[in-house]
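# Per-entry structural report
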Amino acid sequence: MTVKVYGFVGSNATYRVMASLYEKNVDFELVTVNMAAWEHKRPRFLARNPFGQVPAFEDGDVSLFESRAITQYVARKYAGKGTELIMKDPIQMAIQTVWMEVENQKFDRASWKLTEIAMHRVRGGPELVAEYEKKLSDVLDVYEARLTENKYLAGDSFTLADLHHLPNINFLMETRVRRLFEARPHVRAWVADITSRPAWVKVMSLSPW
Amino acid sequence: MATPVKVYGPPLSTAVSRVLVCLLEKDVPFQLVPVSMAKMEHKKPDYIKMQPFGQVPAFQDDDITLFESRAICRYIAEKYPNKGTMSLFGTNPLVKASMDQWLEAESQSFIPPSSVLAFQIVFAPRMKLKQDEALIKQNEAKLVKVLDVYENRLGSSQYLAGDEFTLADLSHLPNTQFLVEKTNRAELFTSRKNVSRWWSEISTRPAWKKVVEMQNA
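First, a word on scope: everything that follows refers to the structure included in this document. (Residues numbered from 1 in each chain as written. Chains lettered and ligands numbered in written order. Predicted model: local features only at pLDDT ≥ 70, side-chain atom pairs only at ≥ 80, totals over all residues. Heavy atoms only, no water.)

Residues and elements named next belong to chain B. There is a patch of nonpolar side chains on the surface, built from Phe119, Phe123, Met127 and Leu129 and spanning about 350 Å² of accessible area. Here Met127 is to be found in the loop between α4 (93-126) and α5 (133-156). A relative accessible area of 48% means that Met127 is categorised as partly exposed. (Patch = residues over 30% accessible without salt bridge, like charges linked within 9 Å, V, L, I, M, F, W, Y side chains within 5 Å. Areas by Shrake-Rupley, 256 points an atom, 1.4 Å probe, with all protein chains shown as cover. Salt bridge = Lys/Arg side-chain N within 4 Å of Asp/Glu carboxyl O. Helix = DSSP H or I, 4+ residues; strand = E, 2+ residues; numbered from the N terminus. Buried < 20%, exposed > 50% of the residue type's maximum accessible area, 1.4 Å probe, protein only.)

Structure, rendered in structure tokens:
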């Protein structure tokens, strides 16, 4: 039974899921959701994600939405295959969970707003950009300190705590916001490291840009 | 015997109360360490060592120091699987995946509009800031859409992740309590039959009632 990801090339959240599947060497089919035709708001798709957002995911009997829930499911189900994306030791996993929450609650809030402004999906003058660049800078200051002590956010190894950042980082590195990452040496090195992982390069090879 | 775990922060903080209700659900003894936000204790170096963003809560037990309320809740639920409410962390991989899904929905879809509304309706006037009517309308519209999804879900499921109470439901307690009890927007929840039934069940659980008592003390 094929694993299916319902989303589209260009969707950050879809990329997040695809990255986890490539890391785990799990074959899957990307089923393109036709956003222009409002397919994501039609009953058939709403049955997969009642919020009418991509991605949705199917693995046999299991049907899920929310990219970070999907990646965690993939990491647990396919433990032992490909890259280990979750820590086995409970204490290390607790620390990983902290930084997964930081990405979700803090990094994503700031970086996604800047992404939306850059994509012109949200109206944003210089004041709004400055406000969110400040928020992102404050988060990256904490990351700089953390990554001075640890190679990756959760510790010695690459985990979901790092992976979840990839789509937004990748997009923002193509914009002026890149200077915030590049100004911090350990953050810069970490960005270079995680964006050059073969699984991520594979996701990006599908991108039309 | 292990020393009681420590939770740093005021019980009125939504994030702190999320951790407290989890500890109470799991029957894990704890010590609540006050942090005076007024005296900027949360920005002092000793506190920043525990929580680098200078926010509450922080958490310590014999093995580890943690921050981010949902990470703390996951740690507690996983460390004490056989204590207190055993269903809290999901009893099998499918429920766990469903729990993760609704926890993500909480973070991504429920928290942003509910937090803005709580701030605009209650805190802005207290802080003598002008309420932003457009922002209130916009976020109420967002929250309505989310609650419509919940209404549908809770029509075919007792709790968000399935038949049993999990972290996914627990995580909603603080912001919902605030909106239902401290604002005039309670009807957003109470006018929806299934959401109302769910709210009534989860908010009358002894653990949450205890937290509300602590908040009102």
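Picking up after the structure, the text goes on.
On to the interface of chain A and chain B. If you look at the interface, chain A gives 27 residues, while chain B gives 29 residues. Buried area between chain A and chain B, both sides added, is near 2500 Å², and the carbon and sulfur share of it is 66%. For the salt bridge of B:Asp100 with A:Arg76, the shortest nitrogen-to-oxygen distance reads 3.0 Å. Linking chain A with chain B are eight residue pairs in polar contact (both at pLDDT 80 or more), by the criterion used here. For the side of chain A that touches chain B, the element with the highest residue contribution is helix α4 (residues 90-118) of chain A, accounting for 13 residues. Considered class by class, the residues forming the side of chain A that touches chain B number 15 nonpolar, five polar and seven charged. (Contact = heavy atoms within 4.5 Å. Buried area = accessible area lost by both parts, 1.4 Å probe. Polar contact = N/O pair within 3.5 Å; in protein donor to acceptor, adjacent residues only side chain to side chain. Nonpolar A, V, L, I, M, F, W, Y, C, P; charged D, E, K, R; others polar.)

One pass over the structure, following the stated rule, counts 21 aromatic pairs over all chains. Summarising the aromatic geometry, the rings of B:Tyr8 and B:Tyr47 are spaced 6.5 Å apart at their centres and angled 70° between planes, so their arrangement reads as edge-to-face. With B:Tyr8 in strand β1 (residues 5-8) and B:Tyr47 in helix α2 (residues 45-50), this residue pair connects regions lying 39 residues apart in the sequence. The class for B:Tyr8 is buried, based on a relative accessible area of 12%. Taking relative accessible area as the criterion, B:Tyr47 reaches 5% and is therefore assigned buried. Where B:Phe123 meets B:Phe178, the ring centres are 5.4 Å apart and the plane angle is 15°; that geometry is what we call stacked. Residue B:Phe123 is found in helix α4, and its partner B:Phe178 is found in helix α7 (residues 173-182); the two are separated by 55 residues along the sequence. On the basis of relative accessibility, which here comes to 31%, the residue B:Phe123 falls in the partly exposed class. Put simply, the rings of A:Trp99, A:Phe107, A:Tyr143, A:Phe181, A:Trp190, B:Phe53 and B:Phe67 pair up and form one aromatic cluster. Lying across the ring of B:Phe53, A:Lys106 places its NZ or CZ 5.0 Å from the centre. (Phe/Tyr/Trp six-rings, centres within 6.5 Å; stacked < 30°, edge-to-face > 60°. Lys NZ or Arg CZ within 6 Å of the ring centre and 35° of its normal.)

None of this, on its own, says anything about what the molecule does.
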